[in-house]
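Observations on the three-dimensional arrangement
Okay, here's what each chain looks like letter by letter:
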Amino acid sequence: MSLNNNGGGDNMSAPPAKRIRIPTQNFAPDPETAEEQRMLEQALANSRKDTVRDVEILSNIPFGPTFYPTKEEFSGDPLIYLEKIRSVAEKYGICKIVPPEGWNPPFAVDIDCPKKFQTKDQSIHRLQEGISFGDGTEYTVREYQKMATAWSKKWKRRYSASDTPSAPTEDNNVEKKETEIGAFGEDGVPSTTVSSSAVTSTEPSITSSSSVLNNEPPITSSSAVQSSELPKTDSATGIQKESIIMSPENLERDYWDIVETQSHEVDVDYGNDIDTSEVGSGFPVSQRGRSVNSPNFQKSDQDDLPEPEFGTEEYYRETFWNLNNIPNSKNSVLRHLKVGINGINVPWLYFGCLFSTFCWHNEDNYMYSINYHHRGAPKQWYGVPGTKQDADGVERVFKNYLSMKMRDVPDLLHHITTSFSPRILNQEGVRVCKLLQHSGEFIVTFPRAFHGGFSLGPNCGEAVNFALHDWIPHAVDANERYRTFARPSVFSHDRLVYTMAHWAKELRTKEICSALAQELRRLKNEELLLRAKLIKAGVRDVSNDVTLPPNRLDRLDEESADYDDKRLCHSCKHICFFSAVCCECSESKVSCLRHSHYMCRCSIKRKYLLIWTKEKEMNDTIAKVERRGEELANSNVVSLVNDELLEKYATEDKCHHKTYDVSVDPICALEKEVPQLVSSATSSIASARSSSASPELKQHPVQATSLGNDTVTSQQSTSAEPLVENVVKVDESV
C-alpha cells in the first residue's frame, strides 16, 4: 500500500472517494426492435448467399416445352389443343406454341394513329427493390419505334466494336494490365483476346469508368460469349478473330448484371397494358360476333356456320387463336362474361424495347393467359410451375429479400414491379424454366404460374386471359387470397361458379364436374353454417319481408356487374353473391357473413340478413352438376405429348439462344414518307384510308413446321424483305 506524503507531519491523507458503479440494466427488446433484428439477420443471410454470383446458372436453366401443332390441330379450338398438352406443359408453368407453316395473320394495329399512349419509366438497375414505376414519356406508335430502335442500336454498337482488336498499350507489364482490366479492353469493350477463364468468370461484373461517364451501355465480362460461326480475319493484320454477337444469351447476361450488380444505370420506357381501343388490336375483329368488340357479339345465328379454311382472310378474323376471340371459345369459362374487361377478355397491347421488363407475377384470379408476339425482337420468358410448393417458394424469396418493403406493402407481388434473377429462385429451391419467343409465336401461362421476362429489342405483343374448366381449384385459392388482402376481384367468383353450373351441359369431363360439384358444396356448407350462427347471435333474417332481385345465372353482363359492385364486403371486398349482412346505420354498407362484426359498432339487434340464394336452389344446382358427371363417366382427354420431341426441341432452343443475332430493327417504317404497312380495315379503329403494303424487315429465322418435323434455323438477315415471306417462314411468340 502506497502512502501519499504531503510534506509535513505523520498524518496520512484520507483515501479518495470511490466511484459508484452503475448497475447493469437488463435489456428487453420491444417487438418492433426484435422484428428489425430478425430482418437484419435475414439480410445478412441473403448477402452470404450472394457473395459469389454463379452466372452459369442462367445458361443451365432448362428450356420449357415447345409445341408444333399441325394445320389440322391448329384449325380447331385452341382450348381443345391445350387440354391435350396440359398434362406436361403445366409442369413448367409456361409453354410455347409455334403455328404451322402458312400462318400469316395481318397486322391490324393502326401504326399511323396520332393518339399517344402512356409508358412506364422502368429503372432496370433497381428492379430488385420493389419500387413503383413512374410515368414515362408519351409516344405515338412510330415515335416509340424510333426511340426503341435508337436505344438498341446504341447497345449493339458496343458488340460491333469488339470485332476490332483493342489499341496497343504502352504498358509493358502485360500480366499486370490483364489483372486490372480482366476481360475488358481499356474502353470497357470486351477484348478480342479474352481467355476462356475470363469468359466464365463468376465474379461481379466490372464496368469501365469511361463508358459510365459517356453514358454508353457496358458489355460485361460475363456477356463475352462468342458465336459459333467461323473465325473472321482482320484485313489489316491477317489474324483470325472471334466475333461477339448480340445473342439472346449475351443480352440475358447483360440484363441480369445490370439488375443484380447495378453495373450501369439503365432506364427504359415500357408501353404496357395499352387499351386496344386506342390503337387497335393486332388481330382483325370477328364478323361472327366472337369478340367482345364485335357489334354482333355472340349472336346465336352465327354458331352453326362452318369454320373458315386455314390461312384465309376470314380464318384470321374468326379463328379462336385470334386473341380477340379466344376468351369466348365454347370451351372457355370466360365466354359467360358479356361485359368487356381490359386485359381479361379484351386484349392488352404491349410495345417493348431492349430490357423493358414484365416483372414476376401470376394472372388475375390465377387464370390462364395467352400472349402473341406480332412483330419485332424476341422476348425472354421465365416460368415457375403453378404448384403450391413453387408458388409459395417465389413468395418466400420476395419475403426474404424484401422484408421491410413487404411489411409496408403486403401485396407487393400484385404490383408487378419487382424482378429477381432466376438464379436466386433456383438457389432457393424454386423450379424455373425459360423460353425465347419470336414474332408469330404464342406463349401460354398456366393457372397460378409465376412468370416474367424482358424484351430484347423493339417489339409489339398482345395478351389476354382465358380459363378452362380445370381452372376451378385455382380460382378458389385466388379468391381466398384476395379476401386476405382485401383486394377486389375482377368478377364474382361465386357468380361465375354458379354460371358454369347453369351451363352444365358444356362440361366435358367427369373430373371437371367433380371439381365443380366439390366447390359448390363448399360454398353451400359455409353459407348455411354462417347464416345459422348469425341468426342465433341475434341478426334478423328479413328475406321473407324483403323482395330481392334474383341472381342472374345465365351470364355476367353489364347490369349484373354493376349490381355486384354495390354489394362488396366492407372488410374483405368480397362480392356478397348469396347473402349479405346490413345495418340500420347505413344504406349502402354491406358485409359478407365472415366479417359482419367489422362493419360497425352497432348492436347486433340493428343488423339484418339479406338472402338472394335459398338452400333449395343450392341443392338443385349441385344435383344438376352431379348428373352431368354421371353422363360423362367414360370421358377422357387424349394427350398429344411426345417426350422425345420435346427434348429435341429444347436442345434446339438452347443452341438457338446462343447463336441467334438479335435484330435492332423497328416493327414499322419510322417515317411517314416511307411506304407504310397496311392497317387492316377490320381492326376496331383502323384508319379508313387505303395504303399499299410495304416491305418489312425480316425477323425470326426459324421455320415453323408441324409436330414431328425438324425445326430449321438460319442466320437472320438484316436486309429488307417482304413481310409475307417472313411470316410464312417464321416461328413467333409473345
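Below you will find a few notes about this structure.

Rules used in this analysis
Residues numbered from 1 in each chain as written. Predicted model: local features only at pLDDT ≥ 70, side-chain atom pairs only at ≥ 80, totals over all residues. Heavy atoms only, no water. Helix = DSSP H or I, 4+ residues; strand = E, 2+ residues; numbered from the N terminus. Buried < 20%, exposed > 50% of the residue type's maximum accessible area, 1.4 Å probe, protein only. Contact = heavy atoms within 4.5 Å. Areas by Shrake-Rupley, 256 points an atom, 1.4 Å probe, with all protein chains shown as cover. Expected span 1.5 Å × (residues − 1). Pairing = 2+ DSSP bridges. Axes fitted to C-alpha atoms, helices over the stretch in contact; angles between N-to-C directions. Patch = residues over 30% accessible without salt bridge, like charges linked within 9 Å, V, L, I, M, F, W, Y side chains within 5 Å. Salt bridge = Lys/Arg side-chain N within 4 Å of Asp/Glu carboxyl O. Lys, Arg positive; Asp, Glu negative; His and termini not counted. Charge placed at Lys NZ, Arg CZ, Asp CG, Glu CD. Phe/Tyr/Trp six-rings, centres within 6.5 Å; stacked < 30°, edge-to-face > 60°. Parallel < 35°, antiparallel > 145°, perpendicular 65-115°, else oblique. Left-handed = near helix turned anticlockwise from the far one by under 90°. Nonpolar A, V, L, I, M, F, W, Y, C, P; charged D, E, K, R; others polar.

Brief notes about the overall build of the protein
- Check the secondary structure of the protein and you find 21 helices and 21 strands.
- The burial tally for the protein puts 55% of its 734 residues in the buried class.
- Considering only contacts within the protein whose residues lie at least 6 apart along the sequence, 81% involve residues at least 24 apart.
- Accessible surface for the protein amounts to roughly 33400 Å². Of this, 50% is attributable to carbon and sulfur atoms.

Some details on helix α9 (residues 248–261)
- Its 14 residues give α9 an end-to-end C-alpha distance of 20 Å, which sits within 8% of 20 Å, the value for a rise of 1.5 Å per residue.
- Most of α9 is tucked away: 13 of the 14 residues are buried.
- Phi turns positive, to about 50°, at Q262, one or two residues after α9.

Digging into the pairing of strand β17 (residues 579–583)
- Burial analysis of β17 places 5 of its 5 residues in the buried class, which makes it a mostly covered element.
- Residues S579, V581 and C583 point to one face of β17 and A580 and C582 to the other, with burial holding for every one of them.
- By the bridge criterion, 5 bridges tie β17 to strand β19 (residues 607–611) in an arrangement that is antiparallel. Paired with S579 across the two strands is I611, which belongs to β19.
- In this structure, the hairpin formed by β17 and strand β18 (residues 590–591) is closed by a connection of 6 residues.

Focus on the sheet that holds strand β9 (residues 357–361)
- One open sheet holds the 4 strands; their spatial order is β9-β14-β11-β12, and the pairing between them is antiparallel. Bordering the open sheet on either side are β9 and β12 (433–437), each of which pairs with just one other strand. Neighbouring strand axes in the sheet, compared pairwise and without regard to direction, differ in orientation by 15° on average.

Re a negative patch on the surface
- Taken together, the side chains of E558, E559, D562 and D565 define an acidic patch exposed on the protein surface.
- Along the polypeptide, D562 turns up in helix α18 (residues 558–565).

Things to note about the packing of aromatic side chains
- This structure, assessed with the given rule, holds 37 aromatic pairs.
- An angle of 15° between the planes, with centres 5.1 Å apart, marks the rings of F117 and F351 as stacked. Here the residue F117 occupies a position in the loop between β2 (94–97) and β3 (120–123), and F351 occupies one in strand β8 (residues 348–352), the gap between them amounting to 234 residues.
- Taking relative accessible area as the criterion, F351 reaches 0% and is therefore assigned buried.
- A ring pair is formed by W155 and F355, whose centres lie 5.0 Å apart and whose planes are at 90°; its orientation type is edge-to-face.

A word on unusual backbone geometry
- Phi angles above zero are rare outside glycine, and D273 is one such case at about 50°.
- Note on placement: D273 falls in strand β7 (residues 267–275).
- Using a relative accessible area of 35% as the deciding quantity, one classes D273 as partly exposed.
- Within the chain, F355 stands out as a residue other than glycine whose phi angle is a positive 75°.
- For F355, the position within the fold is in the loop between β8 and β9.

Considerations on the packing of helix α17 (residues 510–537) against helix α19 (residues 615–631)
- Relative to each other, α17 and α19 sit at 165°, their axes nearing to 8 Å. What the angle tells us is that α17 and α19 run roughly antiparallel. Once α17 is placed against α19, the crossing between them reads as left-handed. Within the contact between the two elements, α17 uses K510, C513, L516, A517, L520, R521, K524, E527, L528 and R531 and α19 uses E615, M618, N619, T621, I622, V625, E626, R628 and G629.
- Taken together, the residues that form the contact of α17 with α19 break down as 8 nonpolar, 3 polar and 8 charged.

Regarding the sheet that holds β2
- Strand order in the open sheet made by the 9 strands is β1-β2-β13-β10-β15-β8-β7-β3-β4, with mixed pairing throughout. The open sheet terminates on both sides in strands that have one partner only, identified here as β1 (66–67) and β4 (134–135).
- Two strands pair when backbone bridges link them, and β2 and strand β13 (residues 442–445) are joined in this way by 4 bridges, in the antiparallel orientation. If you follow I97 over to β13, its bridge partner there is F442.
- Where helix α4 (residues 78–89) meets the sheet, it contacts β1, β2, β10 (368–376), β13 and β15 (459–466), and its direction lies at approximately 135° from that of β2.

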